[in-house]
Amino acid sequence: MSTLTIFNAIPALETTAAPAVATSRPIPAVLGADLEVPVKGGRLVGYANLDYAASAPCLEPVSAAVAAALPAYSSVHRGAGYASQLTTARYEQARHTVRAFVGARTDDAVIFTRNTTDATNLLAGCLPAGTTAVVFDTEHHASLLPWERSVRLAPPAFPGEAVRAADEALAGIEGPKLLVVTAASNVTGELWPIAALAHIAHRHGARILVDAAQLVPHRRLNLTALDLDYVAFSGHKLYAPFGAGVLIGRRDWLAEGEPYLKGGGAVRSVGSAGEGAEWHDDPEPRHEAGTPNVLGAIALAAACDALTATGWTALVREEERLIARLRAGLASIEGVRELSLWGDDHPRVGIVSFTVAGYSAREVAEALSSEYGIGVRDGKFCAHPFVRHLLETADGGCDDDTASAVRASIGIGSTQEHVDRLVEALRDLVARS
Ligand SMILES: Cc1ncc(COP(=O)(O)O)c(C=O)c1O
C-alpha cells in the first residue's frame, strides 16, 4: 500500500451556474481610464475611447485574476507538479465559468480558441460532409467567409423578413444545414431575432451558430433558453484582451470533425510509421492541441465573473442612457447620418455607425483623434457587403465603392463627457466644412 500523502490539494471545480441576475457589486473599472493622449498643438487630453466594438479595454478584475494566476503559472494537462495541477484546475474552471456565463447545456463542448474568427473556422472544419451554411450579407467576415458551401441572403428589410428569408432558404436545401447569424450587428448595433431564427432552423432540421462577439459584452445570453446550437465570441471584446476566444455548443459534430490543430494533447496514442494516430473523441482535447492560452482563458472567465457579479440591469441601464444621448446628439447635427437596417426604434447595443457630409470617414476619424483625443473606427468594419448595402440605400445613394463609415462604440468605462465631446467635435467639423 502506498505511503504517499497528498498534502497539497487542488481546489475542486465549481460547476454550478452563475446567478442569472447579479447582485450588488458596483460596475468595475477598466485599465486606462486615465490615459492621456497628445492632440494638435502638443496638449495632452484624456482619451475618449469610443472604439469598444473593435477591442474593449481590460477590466481591473480581469487584470487582477491574471496577475494572481501568474506566480503559479505552469503547463496544463501535462505536469504532476503542484503548479501544473493548480494551473490545470484554473484552466478547467475557466471552461465551467464561461459555460455558465452563456447558460450552456451541461454537455455542451467549450473549446478555447484565439477569437471569434478562429471559433467559426473551427466549426466550419467540423461540419458533416455536404453541409450548406445559410448566411445573411449583413454578417461580419468571420461568420460570412469560413463556409465551403453557402447560400447568401440579402439584408432583410425588417426582422420578420429575416425569419421568412431563412425559412425559405432552409426549406430549399437538401442535406445537413447550418444557419449562421450575428446576435448584435458590429455595424449598427442592432439586435437580431435569434430566438425566432433558432426555431426556424430547427423546424428544418438545421442547426444554428450565433456570432455573439458584439452581444456578450452588452447583454446576457442564455444559449439553453434560446435553444442555440453553437455560440462564438472573443475575449478581447469582452474586456479580456489576452488572446482567447471560445466556441461553445453541441459535441457530436465537434467530436467527429477533423482535429483543428494536429499535435500533442489532441491524440490518445500515436503509432509507429504508417500506423497513424488515435484522436481524442472529446471535442476539448481534440481541438486544443499544443499548449493552450491558459492566461487568456483565465482572463475570459474573470470577465464573465465580473459582468455577472455586477449584473446586467446596471450595465444595460448605463449603456442605454449613453447611447441614447449619443444618437440624439448625432441626429441634431445636419449632415451627420446614422446607418441603420431596421430603423431608429429597433433595439440595439452600444454601437453606432454614421457618415458626415463633406468628409470621408477617414478624415473624420483622423480629425477626431488628432484634434479632440477621441478614438473611433472608420472603414467597412470587416462587413463589406453590409456597409455597402447601408450606404447604397442611404439618402442620396452611394456610387463610390471606396465609401465607408465612422463607428463609435461604448461600454464599461465610457462616460457622458466622452459622448458629448464626440457630438461637439462633429458639430465643429460640420460647421467648418
Ligand atoms: C460580429 C463580429 N463577429 C466576429 C468578429 C471577429 O472577431 P475577432 O476579430 O475577435 O475574431 C467581430 C470583430 O469585430 C465582430 O464584430
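Quantities reported herein were computed from a predicted structural model and do not represent experimental measurements.

## Quick look at the overall build of the protein
Okay, step 1: Scanning the protein for helices and strands turns up 14 helices and 17 strands.
Okay, step 2: Computed over its C-alpha atoms, the radius of gyration of the protein comes to 23 Å, within 12% of the 22 Å expected for a compact globule of 433 residues.
Okay, step 3: Reported as C-alpha extents along the three principal axes, the dimensions of the protein are approximately 85 × 55 × 45 Å.
Okay, step 4: Classification of the 433 residues of the protein by burial places 53% in the buried group.
Okay, step 5: For the protein, the accessible surface area stands at approximately 18,600 Å², while carbon and sulfur atoms represent 53% of it.
Okay, step 6: Each charge class in the protein was averaged separately, 37 positive and 50 negative side chains, and the resulting centres sit 2 Å apart.

## Quick look at the domain arrangement of the protein
Okay, step 1: Partitioning the protein into structural domains gives domain 1 (22-51 + 311-432) and domain 2 (60-309).
Okay, step 2: If you average the C-alpha positions of domain 1 and of domain 2, the two centres end up 28 Å apart.
Okay, step 3: Across the contact, 40 residues belong to domain 1 and 38 residues belong to domain 2.
Okay, step 4: Roughly 3,200 Å² is buried in total at the junction of domain 1 and domain 2, and carbon and sulfur atoms are behind 63% of that figure.

## Here's the deal with the pattern of salt bridges
Okay, step 1: Here the structure, examined in full by the defined rule, presents 30 salt bridges.
Okay, step 2: Here D118 and R114 are joined by a salt bridge, their closest N and O atoms 3.1 Å apart.
Okay, step 3: Note on D118: relative accessible area 7%, which makes it buried.
Okay, step 4: We classify R114 as exposed; its relative accessible area is 57%.
Okay, step 5: With a shortest N-O distance of 3.3 Å, R219 and E320 are connected by a salt bridge. Pair noted here: R219 is in the loop between β8 (207-211) and α7 (223-226) and E320 is in helix α11 (residues 312-331), with a separation of 101 residues, a long-range link.
Okay, step 6: The partly exposed category is assigned to E320, whose relative accessible area is 41%.
Okay, step 7: Salt bridges sharing common partners tie together E190, R327, E338, D344 and R348.

## Observations concerning the packing of aromatic side chains
Okay, step 1: Taken as a whole, this structure holds seven aromatic pairs when the rule is applied.
Okay, step 2: Seen from the ring of W253, R207 lies directly overhead, with NZ or CZ sitting 4.3 Å from the centre.

## Side note on the site of the ligand
Okay, step 1: Taken together, the neighbourhood of the ligand is formed by 13 residues, with T117, D211, S234, H236 and K237 sitting nearest.
Okay, step 2: Between the ligand and the protein, one listed contact pairs an oxygen atom with a backbone N or O atom of T116 at 3.3 Å.
Okay, step 3: Out of a free accessible area of 390 Å², the ligand has 90% covered by protein chains.
Okay, step 4: Taken together, the residues that form the shell around the ligand break down as two nonpolar, nine polar and two charged.

The rules behind these values
- Residues numbered from 1 in each chain as written.
- Predicted model: local features only at pLDDT ≥ 70, side-chain atom pairs only at ≥ 80, totals over all residues.
- Heavy atoms only, no water.
- Helix = DSSP H or I, 4+ residues; strand = E, 2+ residues; numbered from the N terminus.
- Rg over C-alpha atoms; globule rule 2.2 N^0.38 Å.
- Buried < 20%, exposed > 50% of the residue type's maximum accessible area, 1.4 Å probe, protein only.
- Areas by Shrake-Rupley, 256 points an atom, 1.4 Å probe, with all protein chains shown as cover.
- Lys, Arg positive; Asp, Glu negative; His and termini not counted.
- Charge placed at Lys NZ, Arg CZ, Asp CG, Glu CD.
- Domains from an automatic or database assignment.
- Contact = heavy atoms within 4.5 Å.
- Buried area = accessible area lost by both parts, 1.4 Å probe.
- Salt bridge = Lys/Arg side-chain N within 4 Å of Asp/Glu carboxyl O.
- Phe/Tyr/Trp six-rings, centres within 6.5 Å; stacked < 30°, edge-to-face > 60°.
- Lys NZ or Arg CZ within 6 Å of the ring centre and 35° of its normal.
- Near = heavy atom within 4 Å.
- Polar contact = N/O pair within 3.5 Å; in protein donor to acceptor, adjacent residues only side chain to side chain.
- Nonpolar A, V, L, I, M, F, W, Y, C, P; charged D, E, K, R; others polar.

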